[in-house]
Amino acid sequence: MSAQDVLNIIKEKGIEWVDFRFVDLSGRAHHISLPACEVEEETFTNGVAFDGSSIPGFKGIEESDMVMIPDTESAYVDPFTAHATLIIMCDIHTPDGERYDRDPRGIAQKAEEYLQTAGVGTTAFFAPESEFFIFDEVRFESGQNKSSYFVDSEEAHWNSNRKEEGGNLGFKVGHKGGYVPVGPTDTQQDIRSEMCRLLMEAGLRIERHHHEVATAGQGEINFRFDTLTKTADNLMKYKYIVQNTARQYGKVATFMPKPLFGDNGSGMHVHQSIFNGSEPLFYEKGGYANLSELALNYIGGILYHAPALIALTNPSTNSFKRLVPGYEAPVNLAFSKANRSAAVRIPAAAVTPKGCRIEFRTPDSTANPYLAFAAMLMAGLDGIKKKIDPRALGYGPLDKNIYDLSDAERGEIRSVPGTLEEALNALEADYEFLTEGGVFNKDFIDNYIGLKREEAKAVSIRIHPHEYSLYFDL
């Protein structure tokens, strides 16, 4: 789509405002809106200026001027604004026109470029399954003399005896009993359908939606795979529409991995494959789960680098509240076909050669999708380059329920890091695979680790309410 095509859309749809967006290191979107009458063809080459010093991890105040360069292919109409608004994702450049090396979207694009120069294939496809909760109420506070959170949902099993307005109507979702029940137990069919309608209007191809395992309104919407950067754009669009649709219904949606203690958390299982033109490179009939050796090497790279990778795919302290055994969380560094207890699963149902793929189940949606997808691709490509065989390194295949193994058998399986600090230490020790082809650089990695260590420290030094239960009377 050309700049003129976008200007035509602005005229045809009566657009009043154009919303230019970029993404920070944590994966949060930021925006600046221009009157549509001020957007010209030159806007798409000259860009939109913003203050980089106000974005954590970007620039100091002495060199704060930065520029958003719009990507015309990303344009879609905002379904929520009262004034007709067109949203456009942007790449970040310095004032002298250079690509900014801390721009997450730019890193994703460089990973795609590296794939093509590495001689492996032409295109990497990604498809995330991003789970979320829809709550009716969320309250939280963290201060010097108090710390608390409270979430509630009309669906939650803890409300089975609550006197609600008009009487309690029953049909609550049981503890860990929320996987695909019909109504009236599933109260969120219509809100998820509305989310899907708006997502489709915004250009996503929706495959399905359903209630997920946890009580209190856990759901999932699956959208069609695409190339790396476009899928990251789509995930940002997905989160924006999910959260704002919930808001319109008087509810709140969160992608936190573990907002509830003792029930399933929300993951972001990421399906991945590589093609060379129209040829699927992960398929080989007769191989394990019909996987090619190239695909097994890709898995080898993911699992070998997983401890470091997780600093980018599970980059919050809350991520590691989800990554504990017993809640379908893929904490075990192993691969297997159709086995959801392994970190890497090879889907086996109704798979064609072009649909042959691997699924990395460990990530969650606190990840910046541009950084996470780029890092996964770089780990897989390193596995292909070095011919890392996951079987030779003891990563499987493990076609058993890992949670049913004996303690001795489980002890032979490597696990993901147990804390964000452990994952950051692993990234500090193993980052070279990310810097191949200049995709990431050492400055970016050091800066990222520093920011995330500050987050981990901020949580670790604060008093937790449960500590009062444990220690107050000692």
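Residues numbered from 1 in each chain as written. Predicted model: local features only at pLDDT ≥ 70, side-chain atom pairs only at ≥ 80, totals over all residues. Heavy atoms only, no water.

Per an unreviewed UniProt entry, the recorded name for the chain is Glutamine synthetase, and the organism is Paenibacillus xerothermodurans. Recorded in UniProt under Sequence similarities (unreviewed entry), the annotation for the chain is "Belongs to the glutamine synthetase family." According to its UniProt record, the chain has this under Subcellular location (unreviewed entry): "Cytoplasm". (UniProt positions renumbered as here; feature names shortened; annotations may be inferred.)

Undergrad: Would you mind showing me how to read the overall build of the chain here?
TA: Looking only at helices and strands, the chain has 14 helices and 18 strands in total. The C-alpha atoms of the chain give 23 Å as radius of gyration, which agrees with the globular expectation for 474 residues (23 Å, within 12%). C-alpha atoms of the chain, sized along the principal axes, occupy 65 × 60 × 50 Å. Here the chain, with 474 residues, has 54% of them falling under the buried criterion. (Helix = DSSP H or I, 4+ residues; strand = E, 2+ residues; numbered from the N terminus. Rg over C-alpha atoms; globule rule 2.2 N^0.38 Å. Buried < 20%, exposed > 50% of the residue type's maximum accessible area, 1.4 Å probe, protein only.)

Undergrad: Would you explain the domain arrangement of the chain in this entry?
TA: As a measure of interface size, the accessible area lost when the parts come together is often cited. For the chain, the assigned domains are domain 1 (3-100) and domain 2 (123-466). The interface of domain 1 with domain 2 comprises 17 residues on the first partner and 19 residues on the second. Looking only at domain 1, the three residues that lose the most surface to domain 2 are L25, Y76 and F80, adding up to 47% of its buried area. Joining domain 1 to domain 2, the criterion identifies five residue pairs in polar contact (both at pLDDT 80 or more). Contributions of two or more residues to the side of domain 1 that touches domain 2 are made by β1 (17-23) and β6 (85-93). Among the residues making up the side of domain 1 that touches domain 2, the classes are represented as nine nonpolar, four polar and four charged. (Domains from an automatic or database assignment. Contact = heavy atoms within 4.5 Å. Buried area = accessible area lost by both parts, 1.4 Å probe. Polar contact = N/O pair within 3.5 Å; in protein donor to acceptor, adjacent residues only side chain to side chain. Nonpolar A, V, L, I, M, F, W, Y, C, P; charged D, E, K, R; others polar.)

Undergrad: Any chance you could explain the UniProt feature "binding site: Mg(2+)" (unreviewed entry) in the chain here in plain terms?
TA: UniProt tags E129, E131, E212, E220, H269 and E359 as "binding site: Mg(2+)" (unreviewed entry). With a relative accessible area of 15%, E129 lands in the buried category. Apart from the residues within four sequence positions on either side, E129 is in contact with E220, N222, G267, M268, H269, H271 and E359. Setting aside its immediate chain neighbours within four residues, E131 contacts E212, Q218, G219, E220, F255, G265, S266, G267 and H269.

Undergrad: How should the pairing of strand β2 (residues 29-35) be read in this particular structure?
TA: As a general feature of sheets, a regular strand has side chains that alternate between the two faces. Here β1 runs beside β2; their pairing, made up of seven bridges, is antiparallel. Note on β2: the bridge partner recorded for F22 is H30. (Pairing = 2+ DSSP bridges.)

Undergrad: What am I meant to see in the packing of helix α3 (residues 104-117) against helix α9 (residues 369-385) here?
TA: Contact geometry of α3 with α9 gives a least axis separation of 8 Å together with a crossing angle of 25°. Comparing the axis directions of α3 and α9 gives the class roughly parallel. In terms of crossing hand, the pair formed by α3 and α9 is left-handed. When α3 is examined against α9, the residues P104, R105, I107, A108, A111, Y114 and L115 are found in contact with a partner set consisting of Y370, L371, A374, L377, M378 and L381. For the contact of α3 with α9, the per-class residue count stands at 12 nonpolar, no polar and one charged. (Axes fitted to C-alpha atoms, helices over the stretch in contact; angles between N-to-C directions. Parallel < 35°, antiparallel > 145°, perpendicular 65-115°, else oblique. Left-handed = near helix turned anticlockwise from the far one by under 90°.)

Undergrad: Mind showing me how you'd approach the side chain of S365 here?
TA: Inspection of the secondary structure puts S365 in the loop between β18 (358-360) and α9. Here S130 takes part through its side chain, which lies 2.5 Å from a polar atom of the side chain of S365. Not counting residues within four places of it along the chain, the set of residues in contact with S365 comprises S130, K239, F255, G267 and M268.

Undergrad: Is there a simple way to explain the environment of F444 in this structure?
TA: You can see F444 is positioned in helix α13 (residues 442-460). Each C-alpha atom, one on F444 and one on T231, is 22 Å from the other, the two residues being 213 residues apart in sequence. When near neighbours in sequence (up to four residues on either side) are disregarded, F444 contacts L25, D101, R102, I107 and L371.

Undergrad: In this structure, what is going on with the nonpolar core? I would like to understand it.
TA: The tendency in soluble globular proteins is for nonpolar side chains to be buried side by side. Counting residues in hydrophobic clusters, the biggest one holds 123 residues, and the most contacted among them are Y238, I274, L377 and F440. A per-element tally of this core places α9 first, with 12 residues. When residues of this core are assigned to domains, at least three fall in each of domain 1 (3-100) and domain 2 (123-466). Grouped together as the second largest cluster of nonpolar side chains are seven residues, F133, A214, A216 and L260 included. (Core = buried A, V, L, I, M, F, W, Y, C linked by side-chain atoms within 4.5 Å.)

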